[in-house]
Amino acid sequence: VALGLYFPRKEYLENVYIDEPAGMPLLHIHALKDSREEAAHFHLCQNLIISRARSHENNWFQIREETGVLYLSKSLDREDFNMLSVGNWMPLSKVMLYVFLSSHPFQEKECDSATRTTVFLSLINATAPACSSLTARQLCFTEMDLSFHIKENKPPGTFHQLQLPSVHHLCQNLSISYKLLAAEGIPFRYNENTTSVRVTRRLDREERERYELIAKCTVREGFREMQVEVPFLVNVLDEDDSPPFLPNGTDTADAVVEFNRKEGTVLSTLTVYDADTTPIYPLESSRKKYTGTIITDDPWISETFRVEHIFDEIHFSPNGSQVRGTRHEY
């Protein structure tokens, strides 16, 4: 059985400061399902990758297997920072972790699952700044874009949480609230109690390929109020689920061949549309997917005529939104 669970983001970014307390939540990682019966289990491999050349045993970070919350299992002190930074003169050291996904509880040291996402942690050689010194942008959103990939035809599910776990943990005297601004009928719902965003129904890429929403955050401290808005983008990933089609339903083209035609003369054309896929590179991969063949028992015909295949990307506009597809000309 192919593993159906998947991550809606390829990578996550977060900052970690010196002396933040053990148990502090850093990130909430989500997974989406291929079928309703699946349950997601998260697992962290026990090595930190510090630079391409070296890795270090991970003594500081853990993930809750059932929920996907990445947290500090041990406070990171200056000694730890010096050990993990390339040189202790660096104000910041980047480390990388892999989070793996499985539909069953993980066995010890099982780190070869194909489904993984990358977490980049910036270790900062300073204690966490006071909440009052942070801008609304820093209190509300991380540095990473709010951009997600959701596969078409898959069950609904939660794929993001707007509230930053570390800010919520450290800045409890601030009131931070969110809204998801979107047009009516958009298949996403924001839950105010959990600050989570959910896709509410199965998506169809041939209907719509991209959704552009806005996440709005309001920070209140006493009588002071600050607001910030950022783009919230969802791209729908394709599944090869709709067959190619012919304009006017015509699947044959007649060719009349006259004498003294020059080599290279086009005698007839046939057009095929595919709303499901776009040209992929290298182009040979797209060419192999559809082939044009002359069916004949006459060797002279096979030697004298050939089918050429050219294709290009076009846009369809179902429901007024642009969806990419391919036009094949034979």
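Definitions and limits used
Residues take numbers from 1 onward in each chain, read along the sequence in its written order. In view of the model being predicted, local features appear only for residues whose pLDDT reaches at least 70, and side-chain atom pairs are presented and counted only at 80 or more, with totals across whole chains, interfaces and linings using the full set of residues. Values shown for side chains rest on all heavy atoms present in the structure; no hydrogens or waters enter the calculation. Should DSSP find at least two bridges between two strands, the strands are taken to pair. Labels follow the DSSP assignment, with helices taken as runs of H or I lasting at least four residues and strands as runs of E lasting at least two, numbered in each case from the N terminus. Angles shown run from 0 to 180 degrees and are taken between the N-to-C directions of axes, each axis being a line fitted to C-alpha atoms and, for helices, limited to the stretch in contact. Only the six-membered ring of Trp is used, alongside the rings of Phe and Tyr, when aromatic pairs are assigned; centres must lie within 6.5 Å, and planes under 30 degrees apart are stacked while those over 60 apart are edge-to-face, with the rest tilted. The buried label applies to any residue whose accessible area, calculated with a 1.4 Å probe on protein chains only, is under 20% of its type's maximum; exposed applies above 50%, and partly exposed to all values in between. When the NZ atom of lysine or the CZ atom of arginine is within 6 Å of a ring's centre and also within 35 degrees of its normal, the charge is said to sit over that ring. UniProt positions are given in the numbering used here, feature names are shortened, and annotations may be inferred rather than shown by experiment.

## A closer look at the sheet that holds strand β2 (residues 25–28)
- On the basis of which strands lie adjacent, the open sheet formed by three strands has the order β2-β7-β6 and antiparallel pairing. A single partner strand is all that each edge strand has here, and the edge strands are β2 and β6 (61–63). Here the average twist between neighbouring strands, direction ignored, is 20°.
- The pairing of β2 with strand β7 (residues 69–72) spans three bridges and is classified as antiparallel. In the sheet register, Pro 25 faces β7, and the bridge partner there is Tyr 71.

## A short note on the packing of aromatic side chains
- Per the stated rule, a full pass over the model turns up twelve aromatic pairs.
- Geometrically, the ring pair formed by Phe 148 and Phe 159 is edge-to-face, given 5.2 Å between the ring centres and 70° between the ring planes. In this pair, Phe 148 sits in strand β10 (residues 146–151) while Phe 159 sits in strand β11 (residues 157–161), placing the two residues eleven residues apart along the sequence. In this pair, the class of Phe 148 matches that of Phe 159, namely buried.
- Residues Phe 159 and Phe 188 carry aromatic rings whose centres are separated by 6.0 Å and whose planes lie at 70° to one another, so their mutual orientation is edge-to-face. In this pair, Phe 159 sits in strand β11 while Phe 188 sits in strand β13 (residues 188–191), placing the two residues 29 residues apart along the sequence. The exposure classification of Phe 159 matches that of Phe 188, with both residues buried.
- These aromatic residues form a ring-pair network of at least three members: Phe 148, Phe 159, Phe 188, Tyr 211 and Phe 232.
- In this structure, Arg 9 is placed above the aromatic ring of Tyr 12, and the distance from its NZ or CZ to the ring centre is 5.6 Å.

## Quick word on the UniProt feature "domain: Cadherin" (unreviewed entry) in the protein chain
- Here the UniProt-annotated "domain: Cadherin" (unreviewed entry) positions come out as residues 142–246.
- Helix and strand shares over residues 142–246 are 6% and 50% respectively, and the end C-alpha atoms of the span are 47 Å apart.

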